[in-house]
Amino acid sequence: MRRRTLLGAVGVGFAGSLAGCTDLFETTASREPPVVENRPSASYIPTHQEGMEMVGMANAGDLTVGVMYSWPHRFWTVQGRQTERVDVGRNDAIHLMVSVWDAESGVTIPSSGVTVETTDGDGNREEEVVYEMLSQRMGFHYGDNWPLPGDGSYTVRVDVGGTNIRRFGEFEGKFGEPASVELEFEYSERERNDIPYTILEDRQGNPGALEAMEMEMPNGATMPVGRAPAPDALPGESFGTQTSGDAVFAASAVSGGRFGDRPYLLVSPRTPQNGLVIPSMGLSATVGGTDVALEAALDPEVGFHYGANVEGLSADDDLELVVDTPPQSARHEGFETAFLDMPPMTF
């Protein structure tokens, strides 16, 4: 199984930030333009915008799996608060992307390991556990740059691991078992080269984000990109919203119902521009003088969020929210300097 080695990784306890590192003028050997100089420590407009090609989609138990590809491009992995850039390799033909969502509700399902295998008619085979990723256009997905020997017919197999995070309502008992899909597709370098690729000369580096994509699937529906509900659409009594490290956190106190007999502290983090869910972080809270560890959770109406049952919880309580570990998902360009230095928040 192929897996790229991460160099210079540090532990979760690393106390530094990227201040200073983001001021370097970086270059890459791929067709991409140089990384923006003096990037903000926040979401920003990347150097370019790419289209993508749909390989196909298939159901796997309760899940729907969609597979797409685009130009190979640089991205950044995260270890603690340190990022490491992964440049395009000499054999990388595409950037392969996998989205996984609940077939009925359309809720994107993070926290499931995904393995991808491609084979062709000549016996060439590539297999890899792909990265969790955040993208301005696709939201949360799984992906990596991917080698293909050349033009021809390919079979792509996607294995989705079962998730063990807390699930509520109609999600109870779902997504716990591994699932697999296989898709056939034709690849040609010429068709890859026809995928739109636009240099954003006048906008690159400006604070903000590209619009999330609206990609039509073979069944005519639009592919989910993992949007969080609007803060005023969350259940319960609202604590309000606060921002930390460019991420927006909406919190509410939910009494009774599917979240349990005790009140439920619900925290929904999202990106500031498109409201895309942000998984793979560690959160804790102090509410009414009680320290609480928040757990990742899935709900058919709220989607991915963090929460904990807290005796006597009320939206009138003082709430301090702490990001113990910033989001560990890899990032596409435009997110690699955001969501890293995340001070505590007081509601």
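Below is a summary of the structure that appears in this document. These numbers come from a predicted model, not from an experiment. Residue positions are given per chain, counted from 1 along the sequence in the order it is written. For a predicted model such as this one, the threshold for reporting local features is a pLDDT of at least 70, and the threshold for listing and counting side-chain atom pairs is 80 or more; totals across whole chains, interfaces and linings nevertheless cover every residue. Working from all heavy atoms in the structure, the side-chain values ignore hydrogens and water.

1. A look at the overall build of the protein
Next up, step 1: Secondary structure counts use DSSP, requiring at least four H or I residues in a row for a helix and at least two E residues in a row for a strand, with both numbered from the N terminus. Scanning the protein from terminus to terminus reveals one helix and 23 strands.
Next up, step 2: Taking 2.2 N^0.38 as the reference for a compact globule, 347 residues should give roughly 20 Å; the C-alpha atoms of the protein span a radius of gyration of 20 Å, in line with that estimate.
Next up, step 3: Once the C-alpha set of the protein is aligned to its principal axes, its extents read approximately 65 × 45 × 35 Å.
Next up, step 4: Residues counted as buried form 55% of the 347 residues belonging to the protein.
Next up, step 5: The contact rule is simple, with two residues in contact once any of their heavy atoms fall within 4.5 Å. Sequence-distant contacts in the protein: of pairs separated by 6 or more residues, those separated by 24 or more amount to 71%.
Next up, step 6: Per-residue accessibility takes into account occlusion by the displayed protein chains alone, with areas from the Shrake-Rupley method and a 1.4 Å probe. Counting only carbon and sulfur atoms, one obtains 43% of the accessible surface of the protein, whose full area is about 14500 Å².
Next up, step 7: Residues counted as positive are Lys and Arg, residues counted as negative are Asp and Glu, and His and the chain ends are not counted. To locate a charge, take NZ of a lysine, CZ of an arginine, CG of an aspartate or CD of a glutamate. Side chains of the protein carry 23 positive and 53 negative charges; the gap between the two charge centres is 4 Å. Values of the radius of gyration come from C-alpha atoms, whereas the globule rule sets the reference at 2.2 Å times the count of residues to the power 0.38. Partly exposed describes any residue whose relative accessible area lies between the buried limit of under 20% and the exposed limit of over 50%, with all areas from a 1.4 Å probe on protein chains only and scaled to the type maximum.

2. Comments concerning the pairing of strand β6 (residues 92-102)
Next up, step 1: Within β6, 11 of the 11 residues are buried, which leaves it mostly tucked inside the rest of the structure.
Next up, step 2: Only when DSSP finds a minimum of two bridges between them are two strands counted as paired. Bridge analysis of strand β3 (residues 63-70) against β6 gives eight bridges, and the strand direction is antiparallel. Bridge pairing in β6 links Gly66 to Ser99.
Next up, step 3: Taken together, the six bridges between β6 and strand β10 (residues 139-147) define a ladder with antiparallel strand orientation. Bridge assignment links His95 to a residue of β10, and that residue is Asn145.

3. Digging into the side chain of Gln136
Next up, step 1: For Gln136, the position within the fold is in the loop between β9 (131-135) and β10.
Next up, step 2: A relative accessible area of 3% means that Gln136 is categorised as buried.
Next up, step 3: Polar contacts, as used here, are pairs of N or O atoms within 3.5 Å; protein pairs need one atom able to donate a hydrogen and one able to accept it. Residues neighboring in sequence count only if both atoms are side-chain atoms. At 2.8 Å, the side chain of Gln136 forms a polar contact with the backbone nitrogen of Leu210.
Next up, step 4: Within polar-contact distance, the side chain of Gln136 engages the backbone oxygen of Gly334 at 3.1 Å.
Next up, step 5: Excluding residues within four positions of it along the chain, Gln136 makes contact with Tyr44, Pro46, Gly208, Ala209, Leu210, Glu211, Ala212, Asn274, Leu276, Glu333, Gly334 and Phe335.

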